[in-house]
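Chain by chain, the residues:
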Amino acid sequence: MVKIRLKRFGTKKRPCYRVVVQDSREPRDGACIEEIGTFQPIAKEDAQVSINADRAKYWISVGAQPTDIVKKLLNRQAKAN
């Protein structure tokens, strides 16, 4: 199954995440199909989430399942726009 989930980057205690489309059997930081955005929890509130909404909609339409956190991030970005 294909999932839209977070891939962790950054240093210890300074996390940075990429929103990726990935096979659910791959490890969290393993190979991904496509990177569609970023999430930086330490940044200012308005600059934390940056997701390509068109690509996210495309992947959801072809059957990719977003994780709970990614659903929240997509909703948060949609409300901001």
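Everything here concerns the structure above.
The present account deals with the structure reproduced in this document. Just so it is clear, the model here is predicted, and its values are computed rather than measured.

## Some thoughts on the side chain of Arg5
Right, so step 1: Within the secondary structure, Arg5 is located in strand E1 (residues 2-11).
Right, so step 2: In this structure, Arg5 is buried with no salt-bridge partner, the nearest side chain bearing the opposite charge being Glu26 at 6.7 Å.
Right, so step 3: Within polar-contact distance, the side chain of Arg5 engages the side chain of Gln22 at 2.6 Å.
Right, so step 4: Setting aside anything within four residues of it in sequence, one finds Arg5 in contact with Arg18, Val19, Val20, Gln22, Asp23, Ser24, Glu26, Pro27, Arg28, Thr67 and Val70.

## Quick notes on helix H2 (residues 68-80)
Right, so step 1: In this model H2 runs 19 Å from its N-terminal to its C-terminal C-alpha over 13 residues, within 8% of the 18 Å that 1.5 Å per residue would give.
Right, so step 2: All of the buried residues in H2 are Val70, Leu73, Leu74 and Gln77. Seen from one end, H2 has its buried residues packed into an arc of 100 degrees, which puts them on one side. Of the residues in H2, the exposed ones pointing more than 90 degrees away from the buried face are Asp68, Lys72 and Lys79.

## Observations regarding the pattern of salt bridges
Right, so step 1: Summed over the entire model, instances satisfying the criterion amount to five salt bridges.
Right, so step 2: For Arg18, the salt bridge identified is with Glu35, shortest N-O distance 3.3 Å. Within this pair, whereas Arg18 is found in strand E2 (residues 14-23), its partner Glu35 is found in strand E3 (residues 34-39), the two being separated by 17 residues in sequence.
Right, so step 3: By relative accessible area, Glu35 is classed as partly exposed at 41%.

## A word on the layout of surface pockets
Right, so step 1: Space inside the largest pocket adds up to approximately 160 Å³.
Right, so step 2: As for the largest pocket, its lining consists of Glu45, Asp46, Ala47, Gln48, Val49, Arg76, Gln77, Ala80 and Asn81.
Right, so step 3: Examining the composition of the lining of the largest pocket, we find that three residues originate from one element, H2, more than from any other.
Right, so step 4: Looking at the lining of the largest pocket residue by residue, the classes come out as three nonpolar, three polar and three charged.

Rules behind the numbers
- Residues numbered from 1 in each chain as written.
- Predicted model: local features only at pLDDT ≥ 70, side-chain atom pairs only at ≥ 80, totals over all residues.
- Heavy atoms only, no water.
- Helix = DSSP H or I, 4+ residues; strand = E, 2+ residues; numbered from the N terminus.
- Buried < 20%, exposed > 50% of the residue type's maximum accessible area, 1.4 Å probe, protein only.
- Lys, Arg positive; Asp, Glu negative; His and termini not counted.
- Salt bridge = Lys/Arg side-chain N within 4 Å of Asp/Glu carboxyl O.
- Polar contact = N/O pair within 3.5 Å; in protein donor to acceptor, adjacent residues only side chain to side chain.
- Contact = heavy atoms within 4.5 Å.
- Expected span 1.5 Å × (residues − 1).
- Arc of directions from axis to C-beta.
- 1 Å grid on protein atoms, 1.4 Å probe; cavity = no way out; pocket = protein on both sides within 12 Å on 5 of 7 lines; lining within 4 Å.
- Points joined across faces, edges and corners; volume = space filled by probe spheres on them.
- Nonpolar A, V, L, I, M, F, W, Y, C, P; charged D, E, K, R; others polar.

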